[in-house]
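Coordinate inspection notes
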Amino acid sequence: MAFDREKSHKDVSVSADGKVFKNSPSGDPADLVKSNSRLQKYKGAYCVKGFHYPGKYTYAIKMEIKIKKPLDKSNLVFELGIARKSAIGKNLVVEGEKFAWSMIGAHHVDCDAICLHIAHNNHLLHHEVLTSNTAGSTMERLFGFVLDTEFGQWKVFDQKAEKQICVMEAVDCSETLYPVVAGYNPNSVEVTATFIRID
């Protein structure tokens, strides 16, 4: 699995092998080349290859965040998800798009922390605190994912704890779905997402 470096947003970076995503530009002159094929609104990247029916697809992404200065006003930190290409790039997030399913890390005012929210069709499926909203606080989590195109399910796991976090039902797999990642607010938080091989 690899993120598409050439189509990623200009304000993020993807390693040469496509395995590592960061929410800030790399500074590599090759990455500064303007391209109309790059994502314009969505501050992220999507995979070179997608998942299609029939099949069962398993992958894992290590998410690392480091707070440089406290976030406020429900600032976004990251998004991980799956979506059709037609749903990627229309907005800042794919959440809320008809053919997209995702989880978002963001500053949560009620908790005054960085929290994980998984929702679909305005229904909250999961909420948990990831880390405190203070300078220097960090989080590292290994999220596992299973897309079952036969049953139309996208399952999210805490890979290290071997615990299922949630299941999204009624995932429309009639067209190819692409794993997506996005990272926001690089002045306040460092976001790194890395594909991890799992057996």
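Residues numbered from 1 in each chain as written. Predicted model: local features only at pLDDT ≥ 70, side-chain atom pairs only at ≥ 80, totals over all residues. Heavy atoms only, no water.

1. Comments concerning unusual backbone geometry
Across residues other than glycine, the phi torsion is negative in most instances, and most of the peptide bonds are trans. Basically, it comes down to this: A run of H or I in DSSP counts as a helix once it spans at least four residues, and a run of E counts as a strand once it spans at least two, with each numbered from the N terminus. With a 1.4 Å probe rolled over the protein chains alone, any residue whose accessible area is under 20% of its type maximum counts as buried; one over 50% counts as exposed, and the rest are partly exposed.
A cis amide bond links Y53 to the next residue, P54, at an omega of -5°. Relative to the helices and strands, P54 is located in the loop between β3 (44-46) and β4 (56-67). Despite not being glycine, N122 shows a phi value in the positive range, around 60°. In this fold, N122 is placed in the loop between β7 (113-120) and β8 (123-132). N122 gets classed as exposed once you look at its relative accessible area, which sits at 85%. In the Ramachandran plot, N185 falls in the positive-phi region, its phi being about 50° despite a non-glycine side chain.

2. A closer look at the sheet that holds β3
Where we set the bar: One bridge is not enough; two strands pair if DSSP finds at least two bridges between them. Every axis in this analysis is a line fitted to C-alpha atoms, fitted for helices over the stretch in contact. Angles between the N-to-C directions lie between 0 and 180 degrees.
Sheet architecture is open: six strands sit in the order β3-β12-β5-β6-β7-β8, paired in antiparallel fashion. The two strands at the open ends of the sheet, each matched to only one other strand, are β3 and β8. For this sheet, the mean inter-axis angle between neighbouring strands, taken without regard to orientation, is 15°. Two strands pair when backbone bridges link them, and β7 and β8 are joined in this way by eight bridges, in the antiparallel orientation. Each bridged residue has a counterpart across the sheet, and for A119 the counterpart in β8 is L124.

3. Some words on the packing of aromatic side chains
Test applied: The criterion for an aromatic pair is that two Phe, Tyr or Trp rings (for Trp, the six-membered ring) have centres within 6.5 Å, with stacked assigned to planes under 30 degrees apart, edge-to-face to planes over 60 apart and tilted to the rest.
Using the criterion set out here, one finds eight aromatic pairs in the structure. Ring centres 4.9 Å apart and planes at 20° place the aromatic pair Y59 and F145 in the stacked group. Taken together, the positions of Y59 in strand β4 and F145 in strand β9 (residues 138-148) put the pair 86 residues apart, joining distant regions of the chain. For Y59, a relative accessible area of 4% gives the class buried. Here F145 falls in the buried class, since its relative accessible area comes to 1%. Put simply, the rings of F3, F21, F51, Y57, Y59, F145, W154 and F195 pair up and form one aromatic cluster.

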